[in-house]
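So you can see what is in the structure, the chains are spelled out below.
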Number of protein chains: 2
Amino acid sequence: MEENKHVTIYDIAERLNLATSTISRALKDHHTISDKTIKKVKKTAEEMGFVPNTLAAGLRGNKTKTIGVLIPTVTQPFLSSLISGIEITAQKSDYTVIIMQSHDSYEEEVNMAKSLYSNRVSGVICSLAMETRDTAHFHQFSNNNIPLVFVDRVPKDYNTFRVVIDNYSAGYKATKHLIEQGCIRIAHLTAGSELGNLYNERKRGYIEALKDHNIPVEEELIISLNSVTYEDGVKASNTLFDLKPMPDGLFAPGDILAVSAVQTAKKRGIKVPEEFKVIGFNNDPISQIIDPNLSTITHPAEKMGKAAAEIIIKNLKSSKNDDAKEITFLNTEVLARESSSNELLKDI
Amino acid sequence: MEENKHVTIYDIAERLNLATSTISRALKDHHTISDKTIKKVKKTAEEMGFVPNTLAAGLRGNKTKTIGVLIPTVTQPFLSSLISGIEITAQKSDYTVIIMQSHDSYEEEVNMAKSLYSNRVSGVICSLAMETRDTAHFHQFSNNNIPLVFVDRVPKDYNTFRVVIDNYSAGYKATKHLIEQGCIRIAHLTAGSELGNLYNERKRGYIEALKDHNIPVEEELIISLNSVTYEDGVKASNTLFDLKPMPDGLFAPGDILAVSAVQTAKKRGIKVPEEFKVIGFNNDPISQIIDPNLSTITHPAEKMGKAAAEIIIKNLKSSKNDDAKEITFLNTEVLARESSSNELLKDI
DNA sequence: TATTTTTACGCAACCGATTGCAATTGTTGT
DNA sequence: ACAACAATTGCAATCGGTTGCGTAAAAATA
């Protein structure tokens, strides 16, 4: 048992007095191999503890049954759910998933893209880093017919598959919900990003909703953040609460920000939702834990992951170089919970 | 640009009228190659868009500079921080990390272990699935001299590297903290798991702390959960709150459980920490967001990840088959926050 | 029984980088 | 000018499956 060398098909071939080609075929139920031989080979392989060397197979066939996932981080609930969805689908078709984190750094994204290519992944699913401004590092995939799917934070000028939600309409829905709950002075947080324009889209929805309901768009109510963090959220919230008159609602394009606003409000003695209603985005786990429960917009992370993986696998099967790189839009919904409710007012 | 074939060292060799061996050596600054040639080769490689084929190198050298990480899920804050630590260290030494999730299923763990082996990872870092009762599927690594490091949820009878915290002493510290805050009837939640004995250890610390302070250990205050989820936490909390006399403190071996207890208490009008003090475990992000802030035990996830990766890399470098598989213990601390404070009592 | 068709399996090249050893060129000493 | 040696580069095998093509044996058909 000590210092075993890997068992190869050569070892099996020798033991059974067969050619390696026969072993190889038998192991994958090739039709030209007799059932008797297949059984014999499989049994012996099992006995000898044979484990196929993926590298050899991948090198020869130039395909690895591996999906590379390149995302900013695995710690965000949305992204870990995305991974979950990818994995579930991948596993069904016997694909391996390899995950790399760009940490929202352009440089790292470039390196990891090269690394994925170097590892000859069969397909790539990517959500862009915040920093990323150009996408040249993805050409290596496109040029070599390796299916590439962008998810959520996607470039708008790249001819490849995309799986997204309609951020504009989600922003519109969120804002409209607040209006319907009686808000007339609704604030909004946003963040700048050229390529992943999802915050801009949400903001566009926010503005349109206001306009459609004849509510003036006030610049002081729209705060642009450097980073979507709890700390920046607190800062922005305080700025908002210092305004007079104070806003009576907030559409935060992320639950972390929404939570920071709720907490800040509480600290300042501002009652949520009575004096200040909040709706977030993503339906992160925390939205159900915080008090009051956070109204939010669903973001179908797992579904998006599944969809992206399915696109890759389907594309790999048909292997026809379709030029039709469709964009998949998934649905979002308003999840009305306590933080935006006007029911409480009646009770009191 | 259409339908490029991968550029190989053969292409470079042909272009420069050199042998592939020269190219290969030049690309990694081999001392037998002249500076002039090295420069020329690197320049041409760059121009031609050469990306080394990891598969070929891995196949030939039977090593891949890849660390396989096999964990229950990426969605738990502790585990995603662990990954983060692993990646930071791995990247410094130019290792690639491939992550697989067992979803706490034994069967999946077995499959993914095989998959990692099949991919010829250079080393493996694993935190066991809840379900796992035997570790035979890790022999393939041990037998083939592939460094294996268990982290956090580790088997106790496996001669390999382990990176853990001292769960016993952490449990002791947590309980002692509550006692010092004035609690005299401290409840505890726990979960069963044969291999990953960390909950048992924490419980052992809890019991010892009580004994050392002459507090009777009451069975009704110790609730064993099937799963460490918010829902099960709520159920258990309600059971505890129905007791008379009610416990005045809780040591929950996880922040999710602690949060569920806090929320349940609030719902029932029980004041935290005045009537009921809580300390959790892990220092998850939510512990700082919930109101009142949650006292907890730090769990140095990122450090553990770094330590584990360092062990792998160091071991791979020296490549001497040390039989000394040390266990690394990392430190934990009590993080006293609002949920266990007795300061508030004085204020009121 | 002779011939065609199936069935089952073997041969050998191939994927791309690595590396021990041989070969070539250049340099130094006498 | 020539041996001795160092500096460079080339040759060819190797890692372990995969696959097109060829062939022998068994079965079907004439």
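The structure displayed is predicted, hence computed values, not measured ones.

### Details of the overall build of chain A
Here is step 1 of the chain: Scanning chain A from N- to C-terminus turns up 14 helices and 12 strands.
Here is step 2 of the chain: A globule of 348 residues ought to have a C-alpha radius of gyration of about 20 Å, yet chain A, at 26 Å, is considerably larger.
Here is step 3 of the chain: Based on the C-alpha atoms only, the size of chain A along its principal axes is roughly 90 × 40 × 35 Å.
Here is step 4 of the chain: In chain A, which comprises 348 residues, the proportion classed as buried is 56%.
Here is step 5 of the chain: The long-range fraction of contacts in chain A, counting pairs at least 24 apart against all pairs at least 6 apart in sequence, stands at 74%.
Here is step 6 of the chain: Of the roughly 15,800 Å² of accessible surface on chain A, a fraction of 49% belongs to carbon and sulfur atoms.
Here is step 7 of the chain: If you average the places of the 41 positive and of the 45 negative side-chain charges in chain A, the two averages end up 7 Å apart.

### Examining the UniProt feature "domain: HTH lacI-type" (unreviewed entry) in chain A
Here is step 1 of the chain: When the UniProt feature table is mapped onto this chain, "domain: HTH lacI-type" (unreviewed entry) is found at residues 7–61 of chain A.
Here is step 2 of the chain: End C-alpha atoms of residues 7–61 of chain A are separated by 21 Å, and the span's content is 69% helix alongside 0% strand.

### Here we look at the sheet that holds strand β6 (residues 186–191) of chain A
Residue and element names in this part refer to chain A.
Here is step 1 of the chain: Within the open sheet, the 4 strands sit side by side as β7-β6-β8-β9. Their pairing is parallel. Every other strand in the sheet has two partners, leaving β7 (222–225) and β9 (277–279) as the edge strands with one partner each. The sheet shows a mean angle of 20° between the axes of neighbouring strands, taken without regard to direction.
Here is step 2 of the chain: As paired strands, β6 and strand β8 (residues 249–251) are joined by 3 bridges and run parallel to one another. Each residue of the ladder has a partner; that of Ala187, found in β8, is Leu250.
Here is step 3 of the chain: Helix α9 (residues 198–212) contacts β6, β7 and β8 of the sheet and is inclined by roughly 160° relative to β6.
Here is step 4 of the chain: Packed on one face of the sheet, helix α10 (residues 230–242) meets β6, β7 and β8 and runs near 155° to β7.

### Observations concerning the pattern of salt bridges
Here is step 1 of the chain: Counted under the stated rule, the structure contains 22 salt bridges over all chains.
Here is step 2 of the chain: Of the charged contacts in the structure, one is a salt bridge between Arg268(B) and Asp242(B), with a shortest N-O distance of 2.7 Å. Placement of Arg268(B) in the loop between α11 (255–267) and β9 (277–279) and of Asp242(B) in helix α10 (residues 230–242) is noted, with a sequence separation of 26 residues between them.
Here is step 3 of the chain: Connected via shared salt-bridge partners are Arg185(A), Glu218(A) and Glu220(A).

### Concerning the packing of helix α1 (residues 9–16) of chain B against helix α2 (residues 20–27) of chain B
All names here are of chain B.
Here is step 1 of the chain: As a packed pair, α1 and α2 sit with axes 8 Å apart at the nearest point and diverge in direction by 110°. Classified by the angle between their axes, α1 and α2 sit roughly perpendicular to one another. Seen from α1, the contacting residues are Ile9, Tyr10, Ile12 and Ala13; seen from α2, they are Thr20, Ile23, Ser24 and Leu27.
Here is step 2 of the chain: Partitioned by chemical class, the residues of the contact of α1 with α2 number 6 nonpolar, 2 polar and no charged.

### Considering empty space enclosed by the protein
Here is step 1 of the chain: Enumeration over the complete set of coordinates arrives at 2 cavities of 30 Å³ or more.
Here is step 2 of the chain: Estimated volume of the largest cavity: approximately 210 Å³.
Here is step 3 of the chain: If you go around the largest cavity, you meet 15 residues; those closest to its centre are Leu55(A), Asn119(A), Leu55(B), Ile98(B) and Asn119(B).
Here is step 4 of the chain: Counting residues per element, the ones that place at least two in the lining of the largest cavity are α4 (54–61) and β2 (96–101) of chain A together with α4 (54–61) and β2 (96–101) of chain B.
Here is step 5 of the chain: Of the residues contributing to the lining of the largest cavity, the split by class is 5 nonpolar, 10 polar and no charged.
Here is step 6 of the chain: Estimates place the volume of the second largest cavity at around 60 Å³.
Here is step 7 of the chain: Surrounding the second largest cavity, Gln263(A), Lys266(A), Ile286(A), Ile289(A), Ile290(A), Asp291(A), Gln263(B), Lys266(B), Ile286(B), Ile289(B), Ile290(B) and Asp291(B) form its lining.

### Quick look at the protein's contact with DNA strand C
Here is step 1 of the chain: Surrounding DNA strand C, one finds 26 residues, the nearest of these being Thr22(A), Thr37(A), Ile9(B), Arg25(B) and Arg60(B).
Here is step 2 of the chain: In DNA strand C, atoms within 4 Å of the protein come 53% from sugar and phosphate.
Here is step 3 of the chain: A distance of 3.4 Å separates a base nitrogen of DNA strand C from a polar atom in the side chain of Tyr10(B).
Here is step 4 of the chain: Only α2 (20–27) and α4 of chain A together with α1, α2 and α4 of chain B provide two or more residues apiece to the surface near DNA strand C.
Here is step 5 of the chain: Examining the composition of the surface near DNA strand C, we find that 4 residues originate from one element, α2(B), more than from any other.
Here is step 6 of the chain: Per-class residue counts for the surface near DNA strand C are 10 nonpolar, 11 polar and 5 charged.

### Focus on the sheet that holds strand β7 (residues 222–225) of chain B
All names here are of chain B.
Here is step 1 of the chain: Taken in spatial order, the 4 strands make up an open sheet running β7-β6-β8-β9, and their pairing is parallel. Both outer strands of the open sheet, β7 and β9, are each paired with one neighbouring strand and no more. Each strand of the sheet is rotated relative to its neighbour by a mean of 20°, with strand direction disregarded.
Here is step 2 of the chain: Note that strand β6 (residues 186–191) and β7 share 4 bridges and pair parallel. Directly across from Thr190, in β7, lies its bridge partner Ser224.
Here is step 3 of the chain: Packed on one face of the sheet, α10 meets β6, β7 and β8 (249–251) and runs near 155° to β7.

### Here we look at the protein's contact with DNA strand D
Here is step 1 of the chain: Neighbouring residues of DNA strand D: 26 residues in total, closest Ile9(A), Arg25(A), Arg60(A), Thr22(B) and Thr37(B).
Here is step 2 of the chain: Taken together, the sugar and phosphate atoms account for 51% of what DNA strand D places within 4 Å of the protein.
Here is step 3 of the chain: Within the side chain of Lys28(A), a nitrogen or oxygen atom sits 3.0 Å from a phosphate oxygen of DNA strand D.
Here is step 4 of the chain: Taking Arg60(A), its side chain carries an N or O atom lying 2.3 Å from a base oxygen of DNA strand D.
Here is step 5 of the chain: Contributions of two or more residues to the surface near DNA strand D are made by α1 (9–16), α2 and α4 of chain A together with α2 and α4 of chain B.
Here is step 6 of the chain: Of the residues forming the surface near DNA strand D, the biggest block, 4 residues, is contributed by α2(A).

### Some words on helix α9 (residues 198–212) of chain B
All names here are of chain B.
Here is step 1 of the chain: Here α9 contains 15 residues, and its C-alpha end-to-end distance of 21 Å stays within 8% of the 21 Å for a straight helix at 1.5 Å per residue.
Here is step 2 of the chain: By the burial criterion, the buried members of α9 are Leu198, Tyr199, Arg202, Gly205, Tyr206, Ile207, Ala209 and Leu210.
Here is step 3 of the chain: As for α9, its buried residues are in contact with β5 (161–165), α8 (167–180), β6, β7 and β8.
Here is step 4 of the chain: Looking one or two residues past α9, Asn214 carries a phi angle of roughly 55°, positive in sign.

### A short note on the environment of Ala113(A)
Here is step 1 of the chain: In this fold, Ala113(A) is placed in helix α6 (residues 106–118).
Here is step 2 of the chain: Ala113(A) sits 127 residues away from Leu240(A) along the chain, and the two C-alpha atoms are 40 Å apart.

Each value, and the rule that gives it
- Residues numbered from 1 in each chain as written.
- Chains lettered and ligands numbered in written order.
- Predicted model: local features only at pLDDT ≥ 70, side-chain atom pairs only at ≥ 80, totals over all residues.
- Heavy atoms only, no water.
- Helix = DSSP H or I, 4+ residues; strand = E, 2+ residues; numbered from the N terminus.
- Rg over C-alpha atoms; globule rule 2.2 N^0.38 Å.
- Buried < 20%, exposed > 50% of the residue type's maximum accessible area, 1.4 Å probe, protein only.
- Contact = heavy atoms within 4.5 Å.
- Areas by Shrake-Rupley, 256 points an atom, 1.4 Å probe, with all protein chains shown as cover.
- Lys, Arg positive; Asp, Glu negative; His and termini not counted.
- Charge placed at Lys NZ, Arg CZ, Asp CG, Glu CD.
- UniProt positions renumbered as here; feature names shortened; annotations may be inferred.
- Pairing = 2+ DSSP bridges.
- Axes fitted to C-alpha atoms, helices over the stretch in contact; angles between N-to-C directions.
- Salt bridge = Lys/Arg side-chain N within 4 Å of Asp/Glu carboxyl O.
- Parallel < 35°, antiparallel > 145°, perpendicular 65-115°, else oblique.
- Nonpolar A, V, L, I, M, F, W, Y, C, P; charged D, E, K, R; others polar.
- 1 Å grid on protein atoms, 1.4 Å probe; cavity = no way out; pocket = protein on both sides within 12 Å on 5 of 7 lines; lining within 4 Å.
- Points joined across faces, edges and corners; volume = space filled by probe spheres on them.
- Near = heavy atom within 4 Å.
- Polar contact = N/O pair within 3.5 Å; in protein donor to acceptor, adjacent residues only side chain to side chain.
- Expected span 1.5 Å × (residues − 1).

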